[in-house]
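Fold and contact review
Letter by letter, the chains look like this.
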Amino acid sequence: MARIKYSGLVDSINGSINGTTFQRNRYGSTVKGKPQMVRPTTLFQQQQKQLMTRVTQQWRTLSE
């Protein structure tokens, strides 16, 4: 997080530009990077999760 020091060039700044958010809070103006979005689950990942679920369920049914 960075703070903006006002000079003759900058009076105020807020909003977002290319993943960077400028905002004001009680401590002054700050700059934050927006979090990267997580890629949605792919079909392959869903299939692997289902396979793991089935194998786990079968494992639990085994006798000692």
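To be clear, the structure that these remarks concern was listed above.
Reference entry: report on the structure contained in this document. (Residues numbered from 1 in each chain as written. Predicted model: local features only at pLDDT ≥ 70, side-chain atom pairs only at ≥ 80, totals over all residues. Heavy atoms only, no water.)

Let us look at the side chain of Thr21. Along the chain, Thr21 falls in strand E3 (residues 20-25). Of the residues examined, Thr21 reaches a relative accessible area of 19% and is grouped as buried. At 3.3 Å, the side chain of Thr21 and the side chain of Ser16 are in polar contact. With near-sequence residues (within four places) excluded, Thr21 lies in contact with Gly15, Ser16, Thr30, Val31, Lys32 and Lys34. (Helix = DSSP H or I, 4+ residues; strand = E, 2+ residues; numbered from the N terminus. Buried < 20%, exposed > 50% of the residue type's maximum accessible area, 1.4 Å probe, protein only. Polar contact = N/O pair within 3.5 Å; in protein donor to acceptor, adjacent residues only side chain to side chain. Contact = heavy atoms within 4.5 Å.)

To continue, consider the environment of Gln48. Relative to the helices and strands, Gln48 resides in helix H1 (residues 43-61). Look at Gln48 and you get partly exposed, because its relative accessible area is 37%. Between the alpha carbons of Gln48 and Gly8 there is a distance of 58 Å; along the sequence they are 40 residues apart.

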